[in-house]
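# Per-entry structural report
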Amino acid sequence: MREIRIRFSKTGRAKYISHLDINRAFSRALTRAKINLWYTEGFNPHPFMSFSLPLSLGVESLCESVDIRILDDITNEEIKDRLNSVLPEGIRIVDVYDDFLESSEIAYSDYVYKLEFKDNAEALSRIKAVIDSPEILALKKGKKGKKRILKETDIKQFIVSYNISIRDEYIVLNVRLLAGQEKNLNPSLLFDTIIRLIDMDFEYKEIARINLLTKDFKEYK
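What you are looking at is a predicted structure, and each value in this text was computed from that prediction instead of being measured.

We now examine the overall build of the chain. Regarding its fold elements, the chain presents four helices and 10 strands. Along the chain, helices and strands appear, N-terminal first, in the series β-α-β-β-α-β-β-α-β-β-β-β-α-β. A separation of at least 24 residues holds for 73% of the contacts in the chain among residues at least 6 apart in sequence. Summed over its atoms, the accessible surface of the chain is roughly 12500 Å², and 46% of this surface lies on carbon and sulfur atoms. Of the charged side chains in the chain, 36 are positive and 35 negative; the average position of the first set lies 6 Å away from that of the second.

Moving on to the side chain of R209. Position of R209 relative to the elements: it lies in strand β10 (residues 202–214). Residue classification places R209 among the buried residues on the basis of a relative accessible area of 2%. Side chain to side chain, R209 and Y111 meet in a polar contact 3.2 Å long. With residues near it in sequence (within four places) discarded, R209 still touches L53, P54, L55, V59, E60, S61, L62, C63, E64, S109, D110 and Y111.

An ideal rise of 1.5 Å per residue puts 18 Å on 13 residues; helix α3 (residues 120–132) measures up with 18 Å between its terminal C-alpha atoms. Sitting at the amino-terminal end of α3 is D119, which places a side-chain oxygen 3.3 Å from the backbone nitrogen of A121.

The first and last C-alpha atoms of helix α4 (residues 187–198) sit 17 Å apart over 12 residues, in line with the 16 Å expected at 1.5 Å per residue. A large share of α4 lies buried, amounting to nine of its 12 residues. Those residues of α4 lying buried are P187, S188, L189, L190, F191, T193, I194, I195 and I198. Within two residues after α4, D199 carries a phi angle of roughly 60°, on the positive side.

When two helices pack together, their arrangement is given by the angle between the helix axes and by the axis-to-axis distance. Across the interface, α3 lies against α4 with an axial gap of 10 Å and an inter-helix angle of 115°. Here α3 lies roughly perpendicular to α4, going by the angle between them. α4 is crossed by α3, and the crossing has right-handed handedness. Contacts between α3 and α4 involve R126, I127, V130 and I131 from the first element and I194, L197 and I198 from the second. Taken together, the residues of the contact of α3 with α4 break down into six nonpolar, no polar and one charged.

What the rule picks out here adds up to seven aromatic pairs. The interplanar angle of 85° and the centroid separation of 6.5 Å between the aromatic rings of F8 and F51 together place this pair among those described as edge-to-face. In this pair, F8 sits in strand β1 (residues 2–10) while F51 sits in strand β2 (residues 49–51), placing the two residues 43 residues apart along the sequence. Connected via pairs of aromatic rings, a cluster forms that spans F8, F26 and F51.

The final tally for this structure, using the stated rule, is 11 salt bridges. Among the ionic pairs, E219 bridges to R7, the shortest N-O distance being 3.1 Å. You can see E219 sitting in the segment after β10 and its partner R7 sitting in strand β1, a full 212 residues away along the chain. By relative accessible area, which is 40% here, E219 ends up partly exposed. Taking the shortest distance from any N to any O, the salt bridge between R209 and E64 comes out at 2.8 Å.

Parameters at a glance
Within each chain, residue numbers correspond to sequence positions counted from 1 in written order. Residue-level local features of this predicted model are given only where pLDDT is at least 70; pairs of side-chain atoms are given and counted only at 80 or more, and the full residue set underlies all totals for whole chains, interfaces and linings. In computing side-chain values, all of the structure's heavy atoms are included and hydrogens and water are not. In this text, helices come from DSSP runs of H or I with a minimum length of four residues, and strands from runs of E with a minimum of two, each type numbered from the N-terminal end. Two residues form a contact once any of their heavy atoms are found within 4.5 Å. To measure how exposed things are, a 1.4 Å probe is used in the Shrake-Rupley method; for residues, cover is taken only from the protein chains shown. Under the convention used here, Asp and Glu are negative, Lys and Arg are positive, and both His and the chain ends fall outside the count. Note that the charge is assigned to NZ on lysines, CZ on arginines, CG on aspartates and CD on glutamates. In this scheme, a residue with accessible area under 20% of its type's maximum is buried, one over 50% is exposed, and one in between is partly exposed, where area comes from a 1.4 Å probe on protein chains only. Under the rule applied, a polar contact is a pair of N or O atoms within 3.5 Å (in protein, one hydrogen donor and one hydrogen acceptor; residues adjacent in sequence only if both atoms are side-chain atoms). To estimate how far a helix should extend, the number of its residues minus one is multiplied by 1.5 Å. What counts as an axis is a line fitted to C-alpha atoms, over the stretch in contact for a helix, and the angles between N-to-C directions run from 0 to 180 degrees. Any angle that is under 35 degrees is reported as roughly parallel, and any over 145 degrees as roughly antiparallel; angles of 65 to 115 degrees are reported as roughly perpendicular and all others as oblique. Handedness of a crossing is defined here by the sense of rotation of the near helix relative to the far one, left-handed for an anticlockwise turn of less than a right angle and right-handed for a clockwise turn. Side-chain classes are defined by residue name, with Ala, Val, Leu, Ile, Met, Phe, Trp, Tyr, Cys and Pro counting as nonpolar, Asp, Glu, Lys and Arg as charged, and the others, Gly among them, as polar. Under the pairing criterion, centres of Phe, Tyr and Trp rings, with the six-membered ring standing for Trp, must be within 6.5 Å; the plane angle then separates stacked pairs below 30 degrees from edge-to-face pairs above 60, leaving the rest tilted. A pair is scored as a salt bridge if a Lys or Arg side-chain nitrogen falls within 4 Å of a carboxyl oxygen belonging to Asp or Glu.

Purely geometric stuff here, so don't read any function into it on its own.
Okay, structure coming up:
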């Protein structure tokens, strides 16, 4: 048995596939690709699969990964080719390798937002004002007893750095967020908060995760 990491992209319509369904899609694809997996032991055996950092629904990514354990004597390149032939549209294997970091090493995530407004110049000015403010209050769902409520939470602390500009007809926002098991900001919550605070309707949006980094700002692989 050996453990390998499968790095994949999730783009286009596949961004609307939930994390649970991504898990199912890989389970079915691995079966169709005839890759002999190691199964967990116990009363309910299932193929071992471990995803590094689940992605928010509606967000594209170029840097997703899942770890599996295989029993076959098969090359990583063959695994890549077999899976790419059976996975759904929008999910593409970009690499398969043996030597990799633990998911606990993830500390930051890089995202790019592509946005369009009727007045991009005004929107850019307002977005900069929001991100540069000393606090950014987001509304997060919570509970008070059995009652569901919205709680204000300062998400400024999760933003490490950003760059914003107008390119062609879009506003492009590159932002680095805290990520990982202890501190992790949902990129969709950041978008929703910005839109609420600038008080402008958007014409178009696209959010993509482009990289995961360790605490030393090295690429997580």
